[in-house]
Amino acid sequence: MSSKKVNSLIKSSNFIFFLTIVFLFYYFISTEQFLKFSSNLPITIILIKLVLISYFFLSVRNKIRLIFFLIFFYLFLLLIEINFTKLFNSQCGNIHCNIKNLKIERNKGQDIYLNIFPKYFIYDTENKFFPISSFKNKKILGSNENGYFPIILNDKIGFNNHNDIYKNKKIDILILGDSYAQGSTHNYNNSIQGILNNNKKLTISFGMGGNGPIISLGSLLEFGQKVNPDKLVYIFSETNDLVYDLFLEKKNRILVKYLNPNFSQNLINNSDKIEKLILEKHNSIINKNEKNKTNNFQILVLRNIRINLNIINIGKDNNFTTKPNFKNIEEAILDSSIQSNFYIFEKIIKYMKNYYPNKKLEIIYIPTKKNMIKKKISDIHREVEAICQKNNIKFKNLFDTEIIKNPKIYYPENFQHFNKLGNQVIADLISN
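Source: prediction; values computed, not measured.

A. Fine view of the nonpolar core. In terms of nonpolar packing, the biggest core is built from 74 residues, with F206, F236, M352 and V384 touching the most fellow members. Here this core takes 7 residues from helix α14 (residues 338–355), the largest share from any one element. When sequence neighbours within four positions are dropped, the list of residues in contact with F206 reads I157, F159, Y166, L174, I175, L176, N211, S219, F223, G224 and V227. Judged by nonpolar contacts, the second largest core, of 24 residues, contains I173, L196, I366 and I403.

Below you can see the structure in the form of structure tokens.
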């Protein structure tokens, strides 16, 4: 590489680094981030800045200076990646923070557990069963996105409901879906099902955080016999359902069996074995016996930073112009394209629709926070809506609600899930 090109690269690098430092310091000052730290992280960032600036005054060759810059700039970004949640989230929302607060609650005498999601068992290929719900009749620690750690009291089959509601021979609404359906970031009364029940709409949720379409179908096939709803509601998340969750679910040998609607693990009659699996997973997470190499690798490749800079593809709008025809569900399971996921999704909602004959099925479509704020209808949105129309399934989306007027007030800062106001809008959308 010529000396001129190296000099040009150094100048560009200097400029990029200068803008990064200016932005971070502005962010720290404007949002009072220094007050949120219990560590010496801000001081460390300042020291790295000083080291990086100092190299400009070294009397060394240009190539060495460039290498010096690249190494220390990477270390600078790595430090940000490691502390990403602390730097850019106003509340503590990761598993390490949850474990810390779990221990605090247990020291107070609370018999409480982590929120163990079905998705945690995706790669446990040796298990004879795949848990679809969580601990039964236990207190569960939710995620802090709204300034507090909600405490969830799971029902007798492991979902976020009150046991008394099962005494009703008929209920109004059964909800399926992921964390929106579970309500894991709110106390019960501020969850979607809690709001509906307070409004005299008898509602049960079989939702769990991280559930994609197959696990949601599995929860219906395993536990749907426990209730007799007037309406079935599937809360669809544009953020993960088809572009992430379903790709994972297709890899599990037990989960794909739910694509045969006659399949069941008979989880109700094997609840003791399921509870044992969930407890083992819970303890392994707390004791850090599972070495999550994937997470360590993702830190090294700066995953959070790349996602926020839109450098990494996490399932944003895909090219749907080519729509291959699949001969059967088995062929779609083996296919790695987004089109195969739409094929499987259509099969799933048909199974959901037919589970309760002559009952209503509604899809509540939740756009990504980014698309909601930008008022952008994605290709995924159009495809899901078209599938619903084709199969005569009611499709409701948040672009038809008051959220579209000022979306930001319906989210906690730096988080994707809705606050209480957003849950109220979804509850109204379901009950109308």
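The discussion continues.
B. Layout of the packing of aromatic side chains. Here the structure, examined in full by the defined rule, presents 16 aromatic pairs. Ring centres of Y234 and F345 lie 6.4 Å apart, and the angle between their planes is 40°; on these two criteria the pair is classed as tilted. Within this pair, whereas Y234 is found in strand β6 (residues 229–237), its partner F345 is found in helix α14, the two being separated by 111 residues in sequence. By relative accessible area, which is 0% here, F345 ends up buried. An aromatic cluster is built from Y234, F236, F345, Y365 and F395, whose rings are joined through pairwise contacts.

C. How the structure looks around the side chain of H417. Turning to its location among the elements, H417 is positioned in the loop between β8 (394–397) and α17 (420–431). The class for H417 is buried, based on a relative accessible area of 18%. Among the polar contacts listed, one links the side chain of H417 to the side chain of E145, at a separation of 3.1 Å. Other than its neighbours up to four places away in sequence, H417 contacts E145, S179, Y180, T185, Y411 and P412.

D. Spatial organisation of the pairing of strand β4 (residues 171–177). Taken across its 7 residues, β4 has 6 buried, putting it largely inside the fold. The sheet contact formed by β4 and β6 spans 6 bridges and is parallel. Counted as the bridge partner of I171 is P229 from β6. Bridging between β4 and strand β5 (residues 203–205) involves 3 bridges; their strand directions are parallel. Within the sheet, the bridge partner assigned to I173 lies in β5 and is T203.

E. How the structure looks around helix α5 (residues 95–107). Over its 13 residues, α5 runs 18 Å from end to end, which matches the ideal 18 Å to within 8%, given 1.5 Å per residue. For α5, the complete set of buried residues consists of C97, N98, I99, N101, L102 and E105. Looking at the buried positions of α5, the neighbouring elements they touch are β1 (112–114), β2 (139–141), β3 (151–153) and α10 (271–286). One or two positions beyond α5, positive phi appears at G109, with a value near 100°.

F. Examining the sheet that holds β6 more closely. A sheet is described by the order of its strands in space; here 5 strands give the open sequence β5-β4-β6-β7-β8, paired in parallel fashion. Edge positions in the sheet fall to β5 and β8, since each of these pairs with one other strand and no more. Each neighbouring strand pair of the sheet contributes to a mean axis angle of 25°, computed without reference to strand direction. In this sheet, strand β7 (residues 360–366) lies alongside β6 in parallel orientation, the contact comprising 7 bridges. Considered in β7, the bridge of Y234 is made with I363. The strands that helix α16 (residues 379–390) touches are β6, β7 and β8; relative to β8, the one it contacts most, it runs at about 155°.

G. A nonpolar patch on the surface, seen in detail. Nonpolar side chains collect at one region of the surface, where I67, I71, Y74, L75 and L300 lie side by side and expose about 440 Å² of accessible area between them. No other element matches the 4 residues that helix α3 (residues 62–82) contributes to the nonpolar patch. You can see Y74 is positioned in helix α3. Its relative accessible area of 32% is what places Y74 among the partly exposed residues.

What counts, and where the lines are drawn
Residues numbered from 1 in each chain as written. Predicted model: local features only at pLDDT ≥ 70, side-chain atom pairs only at ≥ 80, totals over all residues. Heavy atoms only, no water. Core = buried A, V, L, I, M, F, W, Y, C linked by side-chain atoms within 4.5 Å. Buried < 20%, exposed > 50% of the residue type's maximum accessible area, 1.4 Å probe, protein only. Helix = DSSP H or I, 4+ residues; strand = E, 2+ residues; numbered from the N terminus. Contact = heavy atoms within 4.5 Å. Phe/Tyr/Trp six-rings, centres within 6.5 Å; stacked < 30°, edge-to-face > 60°. Polar contact = N/O pair within 3.5 Å; in protein donor to acceptor, adjacent residues only side chain to side chain. Pairing = 2+ DSSP bridges. Expected span 1.5 Å × (residues − 1). Axes fitted to C-alpha atoms, helices over the stretch in contact; angles between N-to-C directions. Patch = residues over 30% accessible without salt bridge, like charges linked within 9 Å, V, L, I, M, F, W, Y side chains within 5 Å. Areas by Shrake-Rupley, 256 points an atom, 1.4 Å probe, with all protein chains shown as cover. Salt bridge = Lys/Arg side-chain N within 4 Å of Asp/Glu carboxyl O.

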